[in-house]
Every structure is written in C-alpha cells, then in structure tokens.
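# Examining the three-dimensional arrangement
Residue-level listing of the chains:
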Amino acid sequence: MSIPPTASPTLTLLILSMIRGLGPATIKALLSTASHDRIPAMTPGQLSAVPGIGPALSESIHRTFNEPGSSRKATAEAEAIVEKLERLGAGIVTIVDTSYPPLLKELYDPPPCLFVRGSIQALSTPSLAVVGTREVSTYGRKATESLCSGLVSRGMTIVSGLAFGVDTVAHTTAIEHGGTTVAVLAGGVDNPYTDPRGKLWPRIIEHGALVSEEPPETAIRPGNFPKRNRLISGLCYGTLVVESDTRGGSLITAAEALEQNREVFAVPGPIFSRTSRGTNKLIERGHARLVTSPDSILQELPEFLRKPEPGSTNDLHHKRPHLARDEQQLLDLLDDTPRHIDELASRAGSAPADLLIRLFDLEMKNLVEQLPGQLFQKTVS
C-alpha cells in the first residue's frame, strides 16, 4: 500500500530526508513547489520539473512513496526513528512546523528535520554562537566566561558544539549564570560523544537543548562536522570566535556565518599565540568585528534583541554558584597565593588525581585559576 497524500508532515519529511541523493536544499525547493501532503502523489514528471531533481531522482522519490514494497520499508524506517526518539524523551520538529527555528528557514539548505532533546522553544530564542579552539588558554577561558556571562544576563542564548575547550566553557558559563544554551551535535542526540560521562549534557537539556539533523544512532563521520557547523551559525544572529588557529572548525563556522549574511565577531589575542592566529586574521581581513565586551557585540545586533543590562555596565560577575561540600572544603584551602597540587593533596587528604577533577570543576565555575607547573589559586575578582 502506498503512503497516502494525507500522511503526517513528520512521516513525509522523515522519508524524504532518507532518500539517497535528495538533500536539504532540494527538499526546500520541492516544498516551495508543493505542500508536504501533495508530494507523495506527485508524478515523476512533476517531480523532475523541480530544480535539482532529475529523471533518476524523481523516479526514486515516486517509487519510495508509491511502490508497495518501498513504501512499507520507508514507513517502517521513519516510524522506527520516531520510536527511538520517544525512548530518549526527545522530539522532532520539521521545516513545515510553526515551531521550526525561523532563522534556519533562511538558509539555502535548512534541515528538513531537527531532532531535539530538551526545549524546542530554545532554538528560536535570540542566540549567539560561541566557538573556538579545543586547546583553550587561560586567556581564552576568561574571555569566554566574561563575554558569555554578560550576554546571558542580557537575554542571549549561547549556541555551541559541545566540543572540548571553548565550546564547553561557553555552555558551562551560560548554565552557571542562569542562561539558556543549545548544543548542536554532529551525530545523533543519543550520542553526545564528547561528554560520555554526562557531566554537562544533562544540564544542557535542563537549561536548553541538544539538537541535531542526524537521526538517532548516526555514526560520527568527518563529513558531519561541516554540516553541524552551518547549523551552529544558522541558528544565531551572529557568531563569536574566541580562539582559533588558522585552520579548524571554528573558522568554518565563521565562514558559514558570513555566507548566511550573519554577523561575525572575534576576540583579539597575542600576536605570538598560535590559538589567536585565526581570530587575529579574521579581524585583520575585515571578516570579523573586534570585540572586547558584551556591549561591543550587542550593539551590532538588531535592537529588539537587547535587554537592559542588570547593574553596572562593567559588572560581568555573577552570583556565587552552588558548591558541593567537598568543593567548598577544597576552595577553603586556597587563597591568592599559588599552591602546588601536591601541597593541596596533602592538606586535603586526597590523591592528586582525584583533586585535579574537583579543581577542574571549580575552574569551570570561575572560582579557581590554574597556573603553569600545576599551581592553583583562587580566582582574583
């Protein structure tokens, strides 16, 4: 039995997205020609008239919806995806749904389906992408924390890729300051592979969303990352690059933002720093605006996005985050004098390896600063 023209938009869009050779840009063109409920009934001739769909692809689309064996197989695969999402407590939003992020619809190749764990509404909030190197420096970490904390206090959602380094700092800072954050994944939403122990991604779901255009159980492939990067920038009014060398995913995201006619910002860095060569070059070539504060970003975005800044315009500090008992005990051992990990381990009665994990958590909360030589001190306010 063929799929009826009255099939749900979710089922139809899922099936379209699984047809080999039919990409997001062509599906967008197809939907501009016919509504989702009419596509299954289109003839090969009608399909081949759509830009990007030739005779072979039109036959494949028609066969998928109308040949009984192909139709049953496609329907079963689409229903299996829906069932997997339900088991994850995840949802799906299609490009024809009113809850689909409006900024993504502006892209040349918007995903026909988005898979979401968390708040679908978070994808349509005023957002800024924050990306950068995995090898974030102390300077880069502080810059990310300062800028993200100020931005979330002004109502901006922070979007990033849940990678190590700048991405992790950006997500964590948004959460610690009571903001919203969205992580765009290169695989399925069932596989936040950079955080396998679940230290961060469950908090992102609670304070925003995990999102991907890849269905659950999708393997991580190199080609997924450029696709992921266009979504990071595509969800946002602008993209901020904190630290980056002259090659890497962060500069790809910046290039995607420029292609999408979105703003690009960059934090300047030392001219001898490898992790600032890319950001400095973006600024030097006029591809990104130099930024040093949240205001230097917000003034370049549409005025309706800006919320009044709470307190002083220079105050980017936040309320002290909640600390576990062992975190507070460790923090009490520190002051503004650098102390070696061995000294701290001796005073705390803990193994250095265990202590390093807690110190890293405190560092993510901007309460502890690590110095060269495994020295630690309280962050100077």
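Remember, it's a predicted structure, so these values are computed and weren't measured experimentally. (Residues numbered from 1 in each chain as written. Predicted model: local features only at pLDDT ≥ 70, side-chain atom pairs only at ≥ 80, totals over all residues. Heavy atoms only, no water.)

## Some words on the overall build of the protein chain
Across its full length, the protein chain carries 16 helices and twelve strands. Its C-alpha atoms give the protein chain a radius of gyration of 23 Å, near enough to 21 Å, the size a compact globule of 381 residues would have. Based on the C-alpha atoms only, the size of the protein chain along its principal axes is roughly 75 × 45 × 35 Å. Evaluated residue by residue, the protein chain yields a buried proportion of 50% over its 381 residues. Long-range pairs, those at least 24 residues apart, make up 70% of the contacts in the protein chain between residues at least 6 apart in sequence. (Helix = DSSP H or I, 4+ residues; strand = E, 2+ residues; numbered from the N terminus. Rg over C-alpha atoms; globule rule 2.2 N^0.38 Å. Buried < 20%, exposed > 50% of the residue type's maximum accessible area, 1.4 Å probe, protein only. Contact = heavy atoms within 4.5 Å.)

## A short note on the environment of Gly 349
In this fold, Gly 349 is placed in the loop between α15 (341-348) and α16 (352-364). Measuring from C-alpha to C-alpha, the distance between Gly 349 and Leu 301 comes to 51 Å, with 48 residues separating the pair along the chain.

## A few points about the confidence of the model for the protein chain
Mean pLDDT over the protein chain: 90, with 93% of residues reaching 70 or higher. Contacts for the low-pLDDT stretch residues 312-319, under 50 throughout, to residues beyond four places or in other chains number eleven contacts. (pLDDT = per-residue confidence, 0-100.)

## Here's the deal with unusual backbone geometry
Residues other than glycine seldom take positive phi values, yet Glu 217 does so here, at roughly 70°. Mapped onto the elements of the fold, Glu 217 is located in the loop between β6 (208-212) and α10 (224-234). In this structure, Asn 261 takes a positive phi of about 60° despite not being glycine. Here Asn 261 shows up in the loop between α11 (249-259) and β8 (263-266). Classification of Asn 261 as exposed rests on a relative accessible area of 71%.

## Regarding the packing of helix α1 (residues 9-18) against helix α4 (residues 55-66)
The interhelical angle for the contact between α1 and α4, taken along N-to-C directions, is 135°, at an axis separation of 11 Å. Put simply, α1 runs oblique to α4. For α1 against α4, the interelement crossing comes out right-handed. Of the residues in α4, those in contact with Thr 12, Ile 15 and Leu 16 of α1 are Ile 61, Thr 64 and Phe 65. When its residues are assigned to classes, the contact of α1 with α4 shows four nonpolar, two polar and no charged. (Axes fitted to C-alpha atoms, helices over the stretch in contact; angles between N-to-C directions. Parallel < 35°, antiparallel > 145°, perpendicular 65-115°, else oblique. Left-handed = near helix turned anticlockwise from the far one by under 90°. Nonpolar A, V, L, I, M, F, W, Y, C, P; charged D, E, K, R; others polar.)

## Quick notes on the pattern of salt bridges
A full pass over the atoms with the stated rule returns 16 salt bridges. Residue Lys 84 is joined to Glu 217 by a salt bridge in which the shortest nitrogen-to-oxygen separation is 3.3 Å. One end of the pair, Lys 84, is in helix α5 (residues 68-88); the other, Glu 217, is in the loop between β6 and α10, and 133 residues separate them in sequence. For Lys 84, a relative accessible area of 22% translates into the label partly exposed. Among the ionic pairs, Glu 176 bridges to Arg 203, the shortest N-O distance being 2.8 Å. (Salt bridge = Lys/Arg side-chain N within 4 Å of Asp/Glu carboxyl O.)

## Side note on the nonpolar core
In summary, soluble globular proteins display a tendency toward joint burial of nonpolar side chains. Grouped together as the largest cluster of nonpolar side chains are 65 residues, with contacts concentrated most on Leu 16, Ile 61 and Leu 114. By residue number, the principal contributor to this core is α1, which donates five residues. In this view, Ile 61 contacts Leu 16, Ile 19, Leu 22, Leu 47 and Ile 53; residues no more than four positions away in its chain are not counted. The next biggest cluster of nonpolar side chains, apart from the first, holds 22 residues, and it includes Val 136, Cys 148, Met 156 and Val 267. (Core = buried A, V, L, I, M, F, W, Y, C linked by side-chain atoms within 4.5 Å.)

## Focus: the sheet that holds strand β1 (residues 91-94)
Strand pairing in a sheet relies on backbone hydrogen bonds, with the paired strands running either antiparallel or parallel. Judged by pairing direction, the sheet is mixed, and its nine strands sit side by side in the order β1-β2-β6-β5-β4-β3-β7-β8-β9 without closing on themselves. Pairing within the sheet leaves two strands with one partner each, and these edge strands are β1 and β9 (289-290). With three bridges joining them, strand β4 (residues 157-160) and strand β5 (residues 181-184) adopt parallel strand pairing. Residue pairing across strands places Ser 160 opposite Ala 183, the latter belonging to β5. (Pairing = 2+ DSSP bridges.)

## Side note on helix α8 (residues 166-176)
Extensive coverage of α8 is indicated by the burial of eleven of its eleven residues. Of the positions making up α8, those classed as buried are Val 166, Asp 167, Thr 168, Val 169, Ala 170, His 171, Thr 172, Thr 173, Ala 174, Ile 175 and Glu 176. Where α8 is buried, its residues contact β3 (127-131), α7 (138-153), β4, β5, α9 (201-207) and α16. Phi for Gly 178, located one or two positions after α8, is positive at around 75°.

## Some thoughts on the packing of α1 against helix α2 (residues 24-33)
Direction vectors running N to C along α1 and α2 enclose 140°, while the axes themselves pass 10 Å from each other. As judged from the angle between their axes, α1 and α2 are oblique. Remark: the crossing between α1 and α2 carries right-handed chirality. Taking contact as the criterion, the partners of Leu 13, Leu 16 and Ser 17 in α1 are, on α2, Ile 27, Leu 30 and Leu 31. Per-class residue counts for the contact of α1 with α2 are five nonpolar, one polar and no charged.

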